[in-house]
Amino acid sequence: MVVWTDEERAAISDIFSKLDYDDVGPKCLSRCLIVYPWTQRYFGAFGNLYNAEAIMNNPLIAKHGTTVLRGLERALKNMDDIKNTYAELSILHSEKLRVDPDNFKLLSDCLTIVIAAKMGTAFTPEYQASFQKFLSVVVSALGRQYH
Amino acid sequence: MSLSAKEKVIVKDFFAKVSSRSDEIGAEALARLIVVYPQTKSYFAHWKDLSPNGAPVRKHGITVMGGVYEAVSKIDDLAGGLLTLSELHAFVLRVDPVNFKILSHCIMVVLSMLFAEEFTPQIHVAVDKFLALLALALAEKYR
């Protein structure tokens, strides 16, 4: 059972309240595909991923980035039971999408970096700690149904 | 994974551009390391003051960032150029190499925070590779 302090809940809520999903989602996914190019293996049907510029301007990637980030909202709204909230999503990623769970960590590192860019010094060490704890719980929940 | 000639230029140019704030970057990165990853405090148990904004942490962050800049200047031969530092980390400090990865992440979070416009995905990948190669060079003498 994950225990959240009041400070952690406040930090995570604050970060999400300021989030523009249509901006951060695309930025996060495209950064992941550029910084960790092997992750492109899951996006064969997404069109031109030939170079960084192509990735950053790809509308299908942008749309999918927003979709992925919206998925995080589910965890935000169910912080006390992320494990069960994500059971279905975990099966989806394991059985249908067949995403190597190590990739979840890569995407969450990119998200941290994009949020840091947006928030600047408001992204304090304590905020970073809370946010990374939240993301690691999400990542763990997503990997749970793999067998 | 090695740095291409173009990536070496990207890394050198970027670190030159942010050099005026290198102390701030180092201090902030180390502060984050001990707050976000409290287990890393085990290496600093001999300090009286382990607060993230305290003098020992900030001073050491500056030292570490100095090492990063030294590595930038020796980017063409990291293993050779960082031999002494590698021996220090291997035989004296004995820092588990997994911590190099998490410090690299903290450095990049700080770079992104302070230089949001400049730390583009293209620069991010070059810096990520560089820091990974730096870590490898530091671990060269471990066993």
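Residues numbered from 1 in each chain as written. Chains lettered and ligands numbered in written order. Predicted model: local features only at pLDDT ≥ 70, side-chain atom pairs only at ≥ 80, totals over all residues. Heavy atoms only, no water.

- Named according to an unreviewed UniProt entry, chain B is Hemoglobin subunit alpha-2 originating from Oncorhynchus kisutch.
- Under the UniProt heading Sequence similarities (unreviewed entry), the entry covering chain B gives this text: "Belongs to the globin family." (UniProt positions renumbered as here; feature names shortened; annotations may be inferred.)

- Under the annotation held in an unreviewed UniProt entry, chain A carries the name Globin domain-containing protein and is attributed to Oncorhynchus tshawytscha.
- Here is the UniProt Sequence similarities (unreviewed entry) comment for chain A, exactly as written: "Belongs to the globin family."

Some points on the overall build of chain B
- Within chain B, the secondary structure is distributed over seven helices and zero strands.
- Going from the N terminus to the C terminus, chain B shows its helices and strands as α-α-α-α-α-α-α.
- For chain B, whose C-alpha radius of gyration is 15 Å, the value lies close to the compact-globule estimate of 15 Å for 143 residues.
- Taking the principal axes of its C-alpha atoms as reference, chain B extends roughly 45 × 35 × 20 Å.
- Evaluated residue by residue, chain B yields a buried proportion of 49% over its 143 residues.
- Relative to all contacts within chain B whose residues are 6 or more apart in sequence, the contacts with residues 24 or more apart total 75%.
- Split by element, the accessible area of chain B, about 7,100 Å² in all, is 58% carbon and sulfur.
- One finds the centroid of the 16 positive side-chain charges in chain B at a distance of 4 Å from the centroid of its 15 negative side-chain charges. (Helix = DSSP H or I, 4+ residues; strand = E, 2+ residues; numbered from the N terminus. Rg over C-alpha atoms; globule rule 2.2 N^0.38 Å. Buried < 20%, exposed > 50% of the residue type's maximum accessible area, 1.4 Å probe, protein only. Contact = heavy atoms within 4.5 Å. Areas by Shrake-Rupley, 256 points an atom, 1.4 Å probe, with all protein chains shown as cover. Lys, Arg positive; Asp, Glu negative; His and termini not counted. Charge placed at Lys NZ, Arg CZ, Asp CG, Glu CD.)

Quick notes on unusual backbone geometry
- In this model, Arg98 of chain A sits at a positive phi of 50 degrees, which is unusual for a non-glycine residue.
- Residue classification places Arg98 of chain A among the exposed residues on the basis of a relative accessible area of 58%.
- Even without being glycine, Arg94 of chain B reaches a positive phi, approximately 50 degrees.
- Relative to the helices and strands, Arg94 of chain B is located in the loop between helix H5 (83-93) and helix H6 (98-114).

Overview of the interface of chain B and chain A
- On the side of chain A, 21 residues touch chain B, which itself brings 20 residues to the contact.
- With both chains or domains summed, chain B and chain A bury close to 1,800 Å², and 64% of this area falls on carbon and sulfur atoms.
- The interface formed by chain B and chain A includes zero salt bridges.
- Summed over the shared surface of chain B and chain A, the result is 10 residue pairs in polar contact (both at pLDDT 80 or more).
- For the side of chain B that touches chain A, the secondary structure elements donating two or more residues are helix H2 (22-36), H6 and helix H7 (121-138) of chain B.
- Element by element, the count of residues in the side of chain B that touches chain A is highest for H6 of chain B, at seven residues.
- Along the lines of polarity and charge, the residues of the side of chain B that touches chain A split into 12 nonpolar, five polar and three charged. (Buried area = accessible area lost by both parts, 1.4 Å probe. Salt bridge = Lys/Arg side-chain N within 4 Å of Asp/Glu carboxyl O. Polar contact = N/O pair within 3.5 Å; in protein donor to acceptor, adjacent residues only side chain to side chain. Nonpolar A, V, L, I, M, F, W, Y, C, P; charged D, E, K, R; others polar.)

A word on the packing of aromatic side chains
- In total, this model carries 14 aromatic pairs over all chains according to the counting rule given.
- Ring centres of Phe16 of chain A and Phe131 of chain A lie 6.2 Å apart, and the angle between their planes is 55 degrees; on these two criteria the pair is classed as tilted. Of the two residues, Phe16 of chain A sits in helix H1 (residues 6-17) while Phe131 of chain A sits in helix H8 (residues 125-142), which places them 115 residues apart along the sequence.
- By relative accessible area, which is 5% here, Phe16 of chain A ends up buried.
- With relative accessibility at 1%, the residue Phe131 of chain A sits in the buried group.
- Relative to Tyr142 of chain B, the ring of Phe100 of chain B has its centre 6.3 Å away and its plane inclined at 80 degrees; by these criteria the two rings are edge-to-face. Residue Phe100 of chain B is found in helix H6, and its partner Tyr142 of chain B is found in the segment after H7; the two are separated by 42 residues along the sequence.
- The class of Phe100 of chain B is buried, set by a relative accessible area of 11%.
- The exposure class of Tyr142 of chain B is partly exposed, given its relative accessible area of 24%.
- Three or more aromatic residues joined by ring pairs form one cluster here, namely Phe14, Phe15, Tyr69, Phe115, Phe119 and Phe130 of chain B. (Phe/Tyr/Trp six-rings, centres within 6.5 Å; stacked < 30°, edge-to-face > 60°.)

Notes on the confidence of the model for chain B
- Scored by pLDDT, chain B has a mean of 96; 100% of the residues are at 70 or more.
- The complex model carries a pTM of 0.93, and its ipTM stands at 0.89. (pLDDT = per-residue confidence, 0-100.)

Digging into the pattern of salt bridges
Residue and element names in this part refer to chain A.
- Per the counting criterion, the structure on display carries 13 salt bridges over all chains.
- Linking Asp23 and Lys118 is a salt bridge whose minimum nitrogen-to-oxygen distance equals 2.5 Å. Of this pair, Asp23 sits in helix H2 (residues 21-35) while Lys118 is found in helix H7 (residues 102-119), placing the two residues 95 residues apart along the sequence.
- Judged by relative accessible area, Lys118 falls into the partly exposed class, the value being 48%.

Considering the UniProt feature "domain: Globin" (unreviewed entry) in chain B
- Those residues carrying the UniProt feature "domain: Globin" (unreviewed entry) are residues 2-143 of chain B in this numbering.
- Along residues 2-143 of chain B one finds 68% helix and 0% strand; the C-alpha atoms at either end are 22 Å apart.

Some remarks on the UniProt feature "domain: Globin" (unreviewed entry) in chain A
- Those residues carrying the UniProt feature "domain: Globin" (unreviewed entry) are residues 3-147 of chain A in this numbering.
- Taken end to end, residues 3-147 of chain A is 70% helix and 0% strand, and its first and last C-alpha atoms sit 26 Å apart.

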